[in-house]
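A closer look at the structure
As a plain string of letters, each chain reads:
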Amino acid sequence: MRKIAIIGGGAAGFFTAANLGKERGNQTVLFEQSSAPLQKVRVSGGGRCNVTHACFDPKELVEFYPRGKKELLSVFHKFQPGDTMGWFESRKVSLKIEDDNRIFPISDNSMSIIECLMAEAKKNQVEIRLNENVQKITPTENGFLVQSKSGSYEFEKVIFTPGSSVKSMEILKNLGHKIVKPVPSLFTFNIKDQRLKDLMGISFEWAEISIPELKMEAEGPMLITHWGLSGPGILRLSAWGALELHKLNYEFEIKINFIQKDKNECLDFLNKFKSEHPKKSVYKINPFSFPKRFWHRILEVLKVPVDLNYSNLNKNQIMQISIELTEGIYKVKGKSTFKDEFVTAGGVDLREINFKTMESKVLPNFYLAGEILNIDAITGGFNFQACWSEGFLISEALKG
Ligand SMILES: Cc1cc2nc3c(=O)[nH]c(=O)nc-3n(C[C@H](O)[C@H](O)[C@H](O)COP(=O)(O)OP(=O)(O)OC[C@H]3O[C@@H](n4cnc5c(N)ncnc54)[C@H](O)[C@@H]3O)c2cc1C
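Numbers given to residues run from 1 along each chain, matching the order in which its sequence is written. For this predicted model, a pLDDT threshold of at least 70 governs which residues receive local features, and a threshold of 80 or more governs which side-chain atom pairs are given and counted, while totals over whole chains, interfaces and linings are taken from all residues. Think of the side-chain values as coming from all heavy atoms in the structure, minus any hydrogens and water.

1. Details of the sheet that holds strand β17 (residues 328–333)
The sheet built from seven strands is open, its strands ordered β17-β16-β13-β14-β15-β12-β18 with antiparallel pairing. Lying at the two open borders of the sheet, with one neighbouring strand each, are β17 and β18 (335–337). Going across the sheet, the axis of each strand differs from the next one's by a mean of 40°, ignoring polarity. A pair of strands is labelled paired if DSSP reports no fewer than 2 bridges between them. Per the convention used, a helix needs a DSSP run of H or I reaching at least four residues, while a strand needs a run of E reaching at least two, with both numbered from the N terminus. Two strands pair when backbone bridges link them, and strand β12 (residues 187–190) and strand β15 (residues 228–230) are joined in this way by two bridges, in the antiparallel orientation. Bridge pairing links F189 to L229 in β15. The contact criterion used is simple: two residues touch if any of their non-hydrogen atoms lie within 4.5 Å. Interaxial angle, 0 to 180 degrees, is taken between N-to-C directions of lines fitted to C-alpha atoms, where a helix line uses only the stretch in contact. Strands β16 (251–257) and β17 of the sheet are contacted by helix α13 (residues 315–327), whose axis makes an angle of about 115° with β16.

Pasting the structure below:
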């Protein structure tokens, strides 16, 4: 009888396997339902794999997790992005920190990460069984009976890392765990609006987006897409508001500030600009740093005549432009995925996990990690970091 079963060969399962050490590894079987493990790692970061994020203070790091913030603090004190970097680099996978602090392999190829994880699991003599869908787990006197397509096997311990599929949640419910209903996180907003129509590709270095109904706001770069709006600011709101936006059926209003000024500051700025450049054409001269095409669109929508000079821009027009640029209201109807990247908010209730070891409090000798937990983060490498850290804790716990 092998001692340990790992169910699911994704980031969390493989990182655990890679850290078990030979003594535990050679007692371990990893069950993966597909013919190729680590598929999400392969496609992640556009095929480059955004392994982690250059944020080395656990207190700062947890701020990127809408769910799991409190629980992950102690986990990151044991294994954080600096440890992830050290772990891969000591195994000859060189990493680089990009300008926005995301960390990738220097190869810009997720295969470097996959090959490393697989080599480490192999070194530990973990038996990898592909095309093995685990259908049922039953507690027994000495541990667990794991039933897969090929048969039933007994194990003393189970490490459950199957991602966020509905089936996995069912297995857990049958084992007595409480599941927080899964809903999507990390999505872009669908908006049909004359002000954005045919402007896809235009980006704003900074925008502040708020959802007045939920009293939520986020800031960051923003991008006009074919369907509406995307970019870090929007994705952040989608993650922090994942549960509430699901309840609203993804129909809500957002308010956007496109410039780093409030309405009154914008009024003052435009009035000053008008007095300093009275003869200049309003259409030709965009006084703001965002692209001219958006400036033109706002003027068109507000019906500002094309041949107008700043001296003829009246009080009402200046007020309307200021409102549009600092408090523009847009109606969101629906969501789209962001470059196919998405995560699930929801999963195993965190009160049922001992975060020193990742062992279930409901079921002794049963460990959980990865997206199956009610933990998720915004984009930037944080979701993988949670998998690495949790997997590491399990491997340490099993070393006894
Ligand atoms: C397109 C995309 C890009 C992403 N890019 C990034 C990124 O760059 N950086 C980042 O931090 N995060 C990224 N994410 C999020 C990240 O991929 C996930 O958070 C992470 O993969 C979760 O790992 P996991 O091991 O918990 O689950 P998974 O990666 O989903 O792995 C679970 C594995 O278990 C197997 N499995 C499931 N059920 C069973 C069963 N019953 N029996 C046997 N096997 C089973 C599955 O086949 C799968 O291989 C991305 C997500 C997507 C979808």
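Once you've had a look at it, read on.
2. Comments concerning the site of the ligand
Around the ligand, a shell composed of 31 residues is seen, among which A12, E32, V134, E371 and F384 lie nearest. Within 3.5 Å is the distance limit for a polar contact, defined as a pair of N or O atoms, with the added protein rule that one can donate a hydrogen and the other accept it, and that residues adjacent in sequence qualify only through two side-chain atoms. At 2.9 Å from a nitrogen atom of the ligand is found a main-chain nitrogen or oxygen belonging to V134. If the ligand stood free it would expose 1000 Å²; the protein chains cover 92% of that surface. Mapped by element, the contributors of at least two residues to the shell around the ligand are α1 (11–19), α3 (39–47) and α14 (382–398). Residues belonging to the shell around the ligand are distributed by class as follows: twelve nonpolar, 13 polar and six charged. What makes a residue near a molecule or strand is one non-hydrogen atom of that residue sitting within 4 Å of it. The method behind every accessible area is Shrake-Rupley, applied with a 1.4 Å probe, and residues are considered shielded solely by the protein chains displayed. Just so you know the grouping, Ala, Val, Leu, Ile, Met, Phe, Trp, Tyr, Cys and Pro go in nonpolar, Asp, Glu, Lys and Arg go in charged, and all remaining residues, Gly too, go in polar.

3. Some remarks on the sheet that holds strand β7 (residues 134–139)
Spatially, the three strands line up as an open sheet ordered β7-β8-β9, and their pairing is antiparallel. Each edge of the open sheet carries a strand with a single partner, namely β7 and β9 (151–155). Strand-to-strand twist in this sheet, taken as the mean axis angle between neighbours without regard to direction, amounts to 20°. Relative to β9, strand β8 (residues 144–148) runs antiparallel, the two being bridged by five bridges. Paired with F144 across the bridge in β9 is F155.

4. A closer look at the nonpolar core
For this analysis, a nonpolar core means a set of buried residues of the types Ala, Val, Leu, Ile, Met, Phe, Trp, Tyr and Cys, connected via side-chain atoms within 4.5 Å. Buried means the residue's accessible area, taken with a 1.4 Å probe over protein chains only, is under 20% of the maximum for its type, while exposed means over 50%, and partly exposed covers the values in between. Core analysis: the largest hydrophobic core is formed by 81 residues, its most contacted members being F88, L117, I137 and F366. No other element matches the nine residues that α14 contributes to this core. Note that the domain bounds were set by an automatic or database domain assignment. Inspection of this core shows a minimum of three residues originating in each of domain 1 (4–184 + 343–398) and domain 2 (187–340). Aside from chain neighbours lying at most four places away, what touches F366 is I137, F144, V158, F160, L172, L175, H177, M358, E359 and S360. Counting residues in each nonpolar core, the second largest holds 46 residues, with I209, W295, Y310 and I321 among its members.

Limitation: the analysis is restricted to geometry and does not speak to function.
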